[in-house]
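As a plain string of letters, each chain reads:
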Amino acid sequence: MDFKSSDSLSPGTAGPGTVAMGGPATRTVVGPRTEDALPASATAAVKIVIVGGFGVGKTTLVGSVSEIRPLTTEETMTQAGVGVDDVVGVERKTSTTVAMDFGRISINDELVLYLFGTPGQQRFWFLWNGLFQGALGAVVLVDTRRLEVSFDVIGRLEERGVPFVVAINSFMGAPDYPTEELRTALDLPDYVPIVACDARKRSSSRDVLLSLMRYLHSLAVTPEPS
Amino acid sequence: MSGSDKVWDDADPERLYVITGGRSGDSQGGSIGLVTLIVSQSVPTAGMQPEHATIVRMCQAPLSVAEISAYLHLPVSVVTVLVTDLLAESRVEARALVARAQLPEPSLIEAVMHGLQKL
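Residues numbered from 1 in each chain as written. Chains lettered and ligands numbered in written order. Predicted model: local features only at pLDDT ≥ 70, side-chain atom pairs only at ≥ 80, totals over all residues.

Undergrad: Teacher, can you tell me more about the overall build of chain B here?
TA: Helix and strand counts for chain B stand at six helices and three strands. Sequence-ordered secondary structure for chain B, helices as α and strands as β, is α-α-β-α-β-α-α-β-α. Counting the 119 residues in chain B, one finds 45% classified as buried. A fraction of 71% describes how many contacts in chain B between residues 6 or more apart in sequence connect residues 24 or more apart. (Helix = DSSP H or I, 4+ residues; strand = E, 2+ residues; numbered from the N terminus. Buried ≥ 20, exposed ≤ 12 C-beta atoms within 10 Å, placed from the backbone. Contact = placed C-beta atoms within 7 Å.)

Pasting the structure below:
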């Protein structure tokens, strides 16, 4: 068993954002680059969750609006075989880690917005407790070729009472459905916004976030639709 | 470098168990969340557990728990345990998430909209 708990801090395995300082007596510096540091005046943070299936463009969207290069955090799945087909090796490895990419936007001197991308498949829903706690809302990023993932996600968000907008990422070769056809296919109420976007473009991704904020604003100033 | 995935794969359970002394983070919430901002109130001192010292050093400027997790290559649940230790010793301060009761305040939403429009 390996008790050297700082192994991953050694320069050999250092990840993004890690700067190794030379010399055996010098400690490895771990942390954000100087230009990525938040001002000391930052006092509060809010978050928005981007949900969608694999390859739908969550990390692309986060990366296009983030002021830092997207970072990866992880959570550990300890429940045995939750929706996982392959149980070979379970007796050896009792936990599975799931990575979440996230980015950051400084809103002003005090307020910071974090964007978390999370996979929409049911087997990752165990991540959602901590993720959605205190979240302003969510963006459901949809690939029109795989609507069934979005269908489950939307149902789950509605159950949890998380306000969300639906964003259709424009893919090469993805069918271009009229918005109302998608609304019917996803069984979405009239008041939930559906927007098209190109997640690679900063302005387009920003507009998706703005449409979520406008929707949240309308919910905050008017009674929730019944 | 083949991304951070490799590093995550190496974070074996035994190592995490040693770092936290077998304690587990409260993944259901509690006072520390993914975007709780942590700010150091002190500098690292001799004899501190390496992970504690790294967090104190890293958080001279405010940093979210998620960012600490990413830079340390440790799960959020483990970072939560470590940060809770440091809070108990007043070595760091936690700046709480803006609470969302039912729906966020219109003024908070307006602030976020203004910030986004500047992008």
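After that view, the rundown keeps rolling.
Undergrad: Just checking my understanding: could you explain helix α4 (residues 65-72) of chain B for this structure?
TA: Residues three or four positions apart in an α-helix share a direction because the helix packs 3.6 residues into each turn. Residue and element names in this part refer to chain B. Taking burial as the measure, the eight residues of α4 include eight buried ones, the bulk of the element. Burial in α4 covers these residues: Val65, Ala66, Glu67, Ile68, Ser69, Ala70, Tyr71 and Leu72. Positioned one or two residues after α4, His73 has a phi angle of 55°, which is positive.

Undergrad: Looking at this structure, I do not really get the packing of helix α1 (residues 58-65) of chain A against helix α5 (residues 202-221) of chain A. What am I missing?
TA: Helices that pack against each other are described as a pair by the angle of their axes relative to one another and the distance between those axes. Residue and element names in this part refer to chain A. α5 packs onto α1 with a crossing angle of 100° between their chain directions and a minimal axis gap of 8 Å. When the axis of α1 is compared with that of α5, the two are roughly perpendicular. Contact residues: α1 offers Leu61, Ser64 and Val65, while α5 offers Arg202, Ser205, Arg206 and Leu209. For the contact of α1 with α5, the per-class residue count stands at three nonpolar, two polar and two charged. (Axes fitted to C-alpha atoms, helices over the stretch in contact; angles between N-to-C directions. Parallel < 35°, antiparallel > 145°, perpendicular 65-115°, else oblique. Nonpolar A, V, L, I, M, F, W, Y, C, P; charged D, E, K, R; others polar.)

Undergrad: Is there a simple way to think about the confidence of the model for chain B in this case?
TA: Regions with low pLDDT carry predicted coordinates that are not meant to be interpreted in detail. All names here are of chain B. Mean pLDDT over chain B stands at 83; residues scoring 70 or higher make up 78%. Per-residue pLDDT, averaged within each element of chain B, yields its smallest value for helix α1 (residues 5-10) (48) and its largest for strand β1 (residues 37-40) (97). Under a pLDDT of 50 for its full length, residues 1-7 has, in the predicted model, nine contacts with residues more than four places off or in other chains. With a pTM of 0.81, the predicted complex shows an ipTM of 0.82. (pLDDT = per-residue confidence, 0-100.)

Undergrad: How do you make sense of the environment of A:Val140 when you look at a structure like this?
TA: Residues and elements named next belong to chain A. You can see Val140 is positioned in strand β7 (residues 137-142). Here Val140 falls in the buried class, since 25 other C-beta atoms lie within 10 Å of it. Sequence separation between Val140 and Leu38 is 102 residues; the distance between their C-alpha atoms is 28 Å. Those residues in contact with Val140 that lie beyond four places of it in its chain are Val51, Gly52, Ser150, Val153, Ile154, Phe164, Val166 and Ala167.

Undergrad: Whenever I open this one, the packing of helix α3 (residues 50-58) of chain B against helix α5 (residues 76-88) of chain B confuses me. Can you help?
TA: Residue and element names in this part refer to chain B. Closest axis-to-axis distance for the α3/α5 pair is 10 Å, and the angle between their directions is 75°. Classed by the angle they form, the pair α3 and α5 counts as roughly perpendicular. Where α3 abuts α5, its residues Glu51, His52, Ile55 and Val56 lie against Leu82, Val83, Asp85 and Leu86. Its residues assigned to classes, the contact of α3 with α5 comprises five nonpolar, one polar and two charged.

Undergrad: Explanation requested: unusual backbone geometry in the structure shown.
TA: All names here are of chain B. The phi dihedral of His73 falls on the positive side, at around 55°, and the residue is not glycine. Turning to its location among the elements, His73 is positioned in the loop between α4 and α5. Unlike most non-glycine residues, Ser90 shows phi in positive territory, near 55°. Structurally, Ser90 can be placed in the loop between α5 and β3 (92-95). When the 9 C-beta atoms within 10 Å are taken as the criterion, Ser90 is described as exposed.

Undergrad: Got a minute to help me understand the sheet that holds β3(B) in this structure?
TA: Strands belonging to one sheet form pairs held by backbone hydrogen bonds; the direction of such a pair is parallel or antiparallel. All names here are of chain B. What the three strands build is an open sheet, ordered β2-β1-β3; its pairing is antiparallel. Of all the strands in the sheet, the pair left with one neighbour each is β2 (63-64) and β3. Relative to β2, β1 is paired through two bridges, and the arrangement is antiparallel. Across the sheet, residue Ile38 finds its bridge partner in β2, namely Leu63. (Pairing = 2+ DSSP bridges.)

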